[in-house]
Amino acid sequence: MAKVGILMGSDSDLPIMSKAAKMLEDFGIDYEMRVISAHREPDVFVDYAKNAEDKGIEVIIAGAGGAAHLPGMCAAMFPLPVIGVPIHTKSLGGVDSLYSIVQMPSGIPVATVAIDGAANAAILAAEMLSISNPSLRTKLAEYKASLKNQVVAKDANLSDIGYEAYLSQMGK
Ligand code: RP5
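Residues numbered from 1 in each chain as written. Predicted model: local features only at pLDDT ≥ 70, side-chain atom pairs only at ≥ 80, totals over all residues. Heavy atoms only, no water.

With that out of the way, let us pick up the site of the ligand. Every residue close to the ligand is listed here: Gly9, Ser10, Ser12, Asp13, Arg40, Ala64 and Gly65. Between an oxygen atom of the ligand and a main-chain N or O atom of Gly65, the distance comes to 3.1 Å. Protein chains shield 65% of the accessible area of the ligand, which is 360 Å² for the free molecule. Here the shell around the ligand is composed, by residue class, of 1 nonpolar, 4 polar and 2 charged. (Near = heavy atom within 4 Å. Polar contact = N/O pair within 3.5 Å; in protein donor to acceptor, adjacent residues only side chain to side chain. Areas by Shrake-Rupley, 256 points an atom, 1.4 Å probe, with all protein chains shown as cover. Nonpolar A, V, L, I, M, F, W, Y, C, P; charged D, E, K, R; others polar.)

If you want it as structure tokens, here you go:
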């Protein structure tokens, strides 16, 4: 049964929001993914937000761009955590999305990640679910250790071959 709902306001958000899906898959977390527009189909949106908890959804990750009301309206109706992903926009670079999502009124929080930060949204969702799931907590610890190991390996490589060869390896 899906524990995380990944929502997006348009299929144009999918290239970014699919990064959240991939990360949840890596952690073995069941999710469902929907395109639901709070503006273009408010009836569908309200139906989803009202019934998500009863379906077993514990966290919603909502991505939207521009006048990005989807995450905030989810938080208004869904009683469990909502994580907002501001999507980059051509006109204002995603700052419009970021401000729309992060500046919630007192009492109705949306945990907002960076512009296009869908992977981090999934990690944050996993961390929330891990509060009551020790094996998921172990997977998260292993993931964080792998990040450290990557940096350690890069540092060792830089020391071994020097910056010029390193840049060449990077194709720079
Ligand atoms: C928002 O408007 C969506 O989240 C999307 O980021 C943006 C543009 O939507 P489209 O015009 O591409 O459908 O609601």
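The discussion continues.
The next point concerns the packing of aromatic side chains. Considering all chains together, one arrives at 1 aromatic pair under this definition. When the ring of Phe27 is compared with that of Tyr143, the centres are 5.6 Å apart and the planes differ by 80°; the resulting orientation is edge-to-face. You can see Phe27 sitting in the loop between helix H1 (14–26) and strand E2 (31–35) and its partner Tyr143 sitting in helix H6 (residues 134–169), a full 116 residues away along the chain. With relative accessibility at 23%, the residue Tyr143 sits in the partly exposed group. (Phe/Tyr/Trp six-rings, centres within 6.5 Å; stacked < 30°, edge-to-face > 60°. Helix = DSSP H or I, 4+ residues; strand = E, 2+ residues; numbered from the N terminus. Buried < 20%, exposed > 50% of the residue type's maximum accessible area, 1.4 Å probe, protein only.)

Taken in spatial order, the 5 strands of this open sheet run E2-E1-E3-E4-E5, and their pairing is parallel. Of all the strands in the sheet, the pair left with one neighbour each is E2 and strand E5 (111–112). Both strand E3 (residues 59–65) and strand E4 (residues 82–87) contribute to a ladder of 6 bridges, which runs parallel. In the sheet register, Ala64 faces E4, and the bridge partner there is Pro86. Contacting E3, E4 and E5, helix H4 (residues 95–102) runs over the sheet at an angle of about 160° to E4. (Pairing = 2+ DSSP bridges. Contact = heavy atoms within 4.5 Å. Axes fitted to C-alpha atoms, helices over the stretch in contact; angles between N-to-C directions.)

So, about the side chain of Ser10. On the secondary structure map, Ser10 appears in the loop between strand E1 (4–8) and H1. A relative accessible area of 18% places Ser10 in the buried class. A polar side-chain atom of Ser10 sits 3.1 Å from a polar atom in the side chain of Ser12.

For Asp116, which is not a glycine, the phi torsion comes out positive at approximately 65°. Here Asp116 shows up in the loop between E5 and helix H5 (118–129). Judged by its relative accessible area of 24%, Asp116 falls in the partly exposed class.

Relative to the assigned elements, Arg34 resides in strand E2. For the pair formed by Arg34 and Tyr48, sequence separation is 14 residues and the distance between their alpha carbons is 9.6 Å.

Here we take up the domain arrangement of the protein chain. You'll often see interface size given as the accessible area lost when the parts meet. Per the domain assignment, the segments of the protein chain are domain 1 (4–132) and domain 2 (134–172). Computed over C-alpha atoms, the centres of domain 1 and domain 2 are 30 Å apart. Counting residues at the interface gives 11 residues for domain 1, matched by 7 residues for domain 2. The junction of domain 1 with domain 2 conceals about 770 Å² of combined surface from both sides, 67% of it contributed by carbon and sulfur atoms. The three residues of domain 1 that bury the most area against domain 2 are Phe27, Glu127 and Ser130, which together make up 59% of that side's buried surface. Seen at the junction of domain 1 and domain 2, the total is 1 salt bridge. In this assembly, domain 1 and domain 2 are joined by 4 residue pairs in polar contact (both at pLDDT 80 or more). It is H5 that contributes the most residues to the side of domain 1 that touches domain 2, 4 residues altogether. (Domains from an automatic or database assignment. Buried area = accessible area lost by both parts, 1.4 Å probe. Salt bridge = Lys/Arg side-chain N within 4 Å of Asp/Glu carboxyl O.)

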